[in-house]
Amino acid sequence: MSMTEALADATPRQVAVLGAGAWGTTLALLAAEAGHTVTLVAHSAEAAGFMRLHRRHPISLPGVAIPDSIRIVSVVDTPSIRTELVILAIPAQKLRIALTTLNGNFRDVPILSAVKGIEEATLLRPSEVVRSVLGASIPVAALSGPNLSGEIANGQPATTVIASDTPGLAVACARILRSHRFRVYLSDDLIGVELGGALKNIIA
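Keep in mind it's a predicted model, so treat the numbers as computed, not measured.

### A look at helix α2 (residues 22-33)
Piece 1. The end-to-end C-alpha distance of α2 is 16 Å, a good match for the 16 Å that 12 residues give at a rise of 1.5 Å each.
Piece 2. Across the 12 residues of α2, 11 count as buried, placing the element largely inside the fold.
Piece 3. Taken as a whole, α2 has its buried residues at Ala 22, Trp 23, Gly 24, Thr 25, Thr 26, Leu 27, Ala 28, Leu 29, Leu 30, Ala 31 and Ala 32.
Piece 4. Looking one or two residues beyond α2, the residue adopting positive phi is Gly 35, at roughly 100 degrees.

Here it is as C-alpha cells:
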C-alpha cells in the first residue's frame, strides 16, 4: 500500500504544516479539529517560542486559541518530525528556498500545497516548484478557494477545493481537513486550481 492509499483510510494521521502564518495556523487548526496529530512549523525559533508560550498567533487571528494538541516547532526542528502529509502554507516567492532548505526531510511524503501564486523567476506553479526541488514523482495536491483564514479560524463555515494528478491524493487530503463547517470539493484539474488561486485576487 502506498502512502497516498494509506492516507485515505479512517485512521488519524500525522500531519505537518509548514508555515505558521494565519493560513498555515488555520489549516493546522482544521486538521487538529478532525482528530489528526499536527505539527505546526514556524519560520523562526522566536516565532515558535511565542506561539508555544501564548498559544496564539503573534500578529493575526486575534482571539483564536491554538490547542495544546498542536505541536509547534521551528524549521530547525524538522529533522525530528515524523509525518504522513506535509501541508505547505508558505508565500509563493519563498517556496523554493524553503523546500531547498528542508530537502531530504520530507522527500517521500505526499504534499498538499496551500500556496497561492506563481514563482516570478520561472513562472512555475507551486506544484511544479515542489517537484523541481523534491523530485518529479512526489505526490502533490493543491488547495484553493474563497477562504479567509480569520473567518475559518473563528469557526465560520467555508468551502474549498483540492485537486491532484495523483490518484487518491485529493480524497486523502480532503479527509484530513474536512469537517461539518469546512466543506472540501474534489478535482483532478491541478493546473486550473493553482491558476485560479493565483489569479483570483487580480480579478477581484
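### Details of the environment of Val 15
Piece 1. In this fold, Val 15 is placed in strand β1 (residues 14-18).
Piece 2. Put simply, Val 15 and Gln 93 are 78 residues apart on the chain and 23 Å apart in space, counted from C-alpha to C-alpha.
Piece 3. With residues near it in sequence (within four places) discarded, Val 15 still touches His 36, Thr 37, Val 38, Thr 39, Thr 83, Leu 85, Ile 87 and Ile 176.

### A short note on the pairing of strand β3 (residues 71-74)
Piece 1. Pairing of strand β2 (residues 37-42) with β3, which is carried by four bridges, proceeds in the parallel orientation. Residue pairing in the sheet places Leu 40 in a bridge with Ile 72 of β3.
Piece 2. For the crossover that starts at β2, traverses helix α3 (residues 45-54) and ends in the parallel β3, the hand is right-handed.

### Quick word on the nonpolar core
Piece 1. Ranked by internal contacts, the top residues of the largest apolar core, which has 42 residues, are Leu 27, Leu 40, Ile 70, Ile 87, Leu 112, Ile 162 and Leu 177.
Piece 2. The element best represented in this core is α2, accounting for eight residues.
Piece 3. Those residues within four positions of Leu 177 in sequence are excluded, and the remaining contacts are Leu 27, Leu 30, Ala 31, Ile 87, Leu 112, Leu 143, Ile 162 and Phe 182.
Piece 4. Counting residues in each nonpolar core, the second largest holds 23 residues, with Ile 81, Val 86, Leu 99 and Val 109 among its members.

Here is what the cut-offs are and how they apply
Residues numbered from 1 in each chain as written. Predicted model: local features only at pLDDT ≥ 70, side-chain atom pairs only at ≥ 80, totals over all residues. Heavy atoms only, no water. Helix = DSSP H or I, 4+ residues; strand = E, 2+ residues; numbered from the N terminus. Expected span 1.5 Å × (residues − 1). Buried < 20%, exposed > 50% of the residue type's maximum accessible area, 1.4 Å probe, protein only. Contact = heavy atoms within 4.5 Å. Pairing = 2+ DSSP bridges. Right-handed = clockwise from strand over helix to strand, strands pointing away. Core = buried A, V, L, I, M, F, W, Y, C linked by side-chain atoms within 4.5 Å.

Honestly, that's just the spatial picture; any functional story needs more than this.
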